[in-house]
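Chains, contacts and geometry: an overview
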Amino acid sequence: DNGLTNEAAIREAVREEEEQWTNMSMYEHEMNILMNSYTDEVKQGLGETIETEWPFVTSIEGVDIIGEIDKVTRRNSGYHIIDFKTNKIFQSGSELVDLYWSQLYLYKLAYEQESG
């Protein structure tokens, strides 16, 4: 979230995507729906922000891994890796866990390895 208001985040996202989308009003509409669900209450519930858009390059079992973690927070004396997704949710969102579990696990390993 980089400290942007929801409106500023939408403007930034629209600016970055203008060249790729033919129907910008539809994209902006979808962004409004997404950002309206990311309320201050939700942000506070994530915990204290430690890192935002944290880039990394690391080696895990001899394989170079390059990525960027959307957000790292500290809550209840533990660290949490947050990777925002824009997928449409058809149930509770739990259906996405299996799809992204391996990515989040690699992010966890990278953060532990690179942050000490």
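Residues numbered from 1 in each chain as written. Predicted model: local features only at pLDDT ≥ 70, side-chain atom pairs only at ≥ 80, totals over all residues. Heavy atoms only, no water.

1. Quick look at the overall build of the chain
- In terms of helices and strands, the chain carries four helices and three strands.
- In the chain, the succession of α and β elements from N to C terminus is α-α-α-β-β-β-α.
- When the 116 residues of the chain are sorted by exposure, 27% land in the buried category.
- Only carbon and sulfur atoms are counted for the fraction: they give 50% of the accessible area of the chain, which is about 8,400 Å². (Helix = DSSP H or I, 4+ residues; strand = E, 2+ residues; numbered from the N terminus. Buried < 20%, exposed > 50% of the residue type's maximum accessible area, 1.4 Å probe, protein only. Areas by Shrake-Rupley, 256 points an atom, 1.4 Å probe, with all protein chains shown as cover.)

2. Some words on the sheet that holds strand S3 (residues 78-82)
- Across the sheet, which stays open at both edges, the three strands sit in the order S1-S2-S3 with antiparallel pairing between neighbours. If you trace the sheet from one side to the other, it starts and ends with strand S1 (48-60) and S3, each paired once. On average, each strand axis in the sheet is tilted by 40° relative to the strand beside it, whichever way the strands run.
- Pairing of strand S2 (residues 63-75) with S3, which is carried by five bridges, proceeds in the antiparallel orientation. Pairing of Arg75 across the sheet is with Gly78, part of S3.
- Those strands touched by helix H4 (residues 97-115) are S1, S2 and S3, and its axis lies near 90° from that of S1. (Pairing = 2+ DSSP bridges. Axes fitted to C-alpha atoms, helices over the stretch in contact; angles between N-to-C directions. Contact = heavy atoms within 4.5 Å.)

3. Focus on a nonpolar patch on the surface
- Together, Val97, Trp101 and Tyr105 give the surface a local cluster of nonpolar side chains, amounting to about 330 Å² of exposed area.
- For Tyr105, the location among the structural elements is in helix H4. (Patch = residues over 30% accessible without salt bridge, like charges linked within 9 Å, V, L, I, M, F, W, Y side chains within 5 Å. Salt bridge = Lys/Arg side-chain N within 4 Å of Asp/Glu carboxyl O.)

4. Section: the pattern of salt bridges
- Tallied over the entire structure, the rule returns three salt bridges.
- Residue Lys43 is joined to Asp40 by a salt bridge in which the shortest nitrogen-to-oxygen separation is 3.9 Å. Of the two residues, Lys43 and Asp40 are both situated in helix H3 (residues 40-45); the distance of three residues between them amounts to about one turn of the helix.
- One salt bridge in this structure joins Arg74 and Glu48, with 3.4 Å as the shortest N-O distance. Taken together, the residues span a long stretch of sequence, with Arg74 in strand S2 and Glu48 in strand S1 at a distance of 26 residues.

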